[in-house]
Amino acid sequence: MTIFKEKLDEEFVTVSEVKELLAEVEAERAADPDREMRYELARAIEHANTFAVLDADESRELAEELLELEQVDELAAFKIVDLLPQDRDELRSVFAHGRYSLDGEELDEILNVVAKYA
C-alpha cells in the first residue's frame, strides 16, 4: 500500500524570503532551550544567509517587475532574482530549460531591470 500526499498549494519564494522565514524559525528555536536545531535546518540557514543578496521586499519587487516582461515566466523570474545575473551568458543559463531562446535585446531588457536592484 502506498500513501500519496496531495499537493495543496505551491508558491515560489526567493532565497531572500527564505532567509527571513528561517530567521524566524531560528529565533523560535533559540528561545526554547530544550529544542536543538537539526543539521538540515542549520545548513539551510547557512545557505540562505550566504546566498541572499537583496532583502525580502526588494527581491519580491524585482520578481514582480520581471513578471511584467513578456518573455519572463514565473519560474524564470524567481531564478533570476536568486542568481542576479550580470551578463548575457549568465542570463541564458536561466532560460536553458526553455524551448525558446531570447535575442540580445530581450536579454538586455531583463539585465537592465536586474541592474536596478543588484
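For the structure, check the block above.
Residues numbered from 1 in each chain as written. Predicted model: local features only at pLDDT ≥ 70, side-chain atom pairs only at ≥ 80, totals over all residues. Heavy atoms only, no water.

Visitor: Please explain the nonpolar core as it appears in this structure.
Guide: One broad rule of soluble globular proteins: the nonpolar side chains tend to lie buried together. Among the nonpolar cores identified, the biggest contains 22 residues, and L62, L66, V72, I80, L91, F95 and I110 are the most heavily contacted of them. Of all elements in the fold, only α3 (56–67), α4 (74–83), α5 (88–94) and α6 (104–117) reach the threshold of two or more residues within this core. Ranked by residues supplied to this core, first place goes to α6 with 6 residues. (Core = buried A, V, L, I, M, F, W, Y, C linked by side-chain atoms within 4.5 Å. Buried < 20%, exposed > 50% of the residue type's maximum accessible area, 1.4 Å probe, protein only. Helix = DSSP H or I, 4+ residues; strand = E, 2+ residues; numbered from the N terminus.)

Visitor: I would appreciate a short explanation of the pattern of salt bridges in the present structure.
Guide: Within this structure, the stated rule accounts for 8 salt bridges. Its salt-bridge partner being K7, residue E10 comes within 3.3 Å of it at the nearest N-O pair. One exposure class covers both E10 and K7, and it is exposed. (Salt bridge = Lys/Arg side-chain N within 4 Å of Asp/Glu carboxyl O.)

Visitor: I would appreciate a short explanation of the environment of D89 in the present structure.
Guide: The residue D89 is located in helix α5 in this model. Between the alpha carbons of D89 and L41 there is a distance of 33 Å; along the sequence they are 48 residues apart.

Visitor: For this particular structure, what's the right way to read α4?
Guide: Because the α-helix completes a turn every 3.6 residues, residues three or four places apart line up on one side. Listed in full, the buried residues belonging to α4 are A76, A77, F78, I80 and V81. Along its buried surface, α4 packs onto α1 (15–31), α3, α5 and α6. (Contact = heavy atoms within 4.5 Å.)

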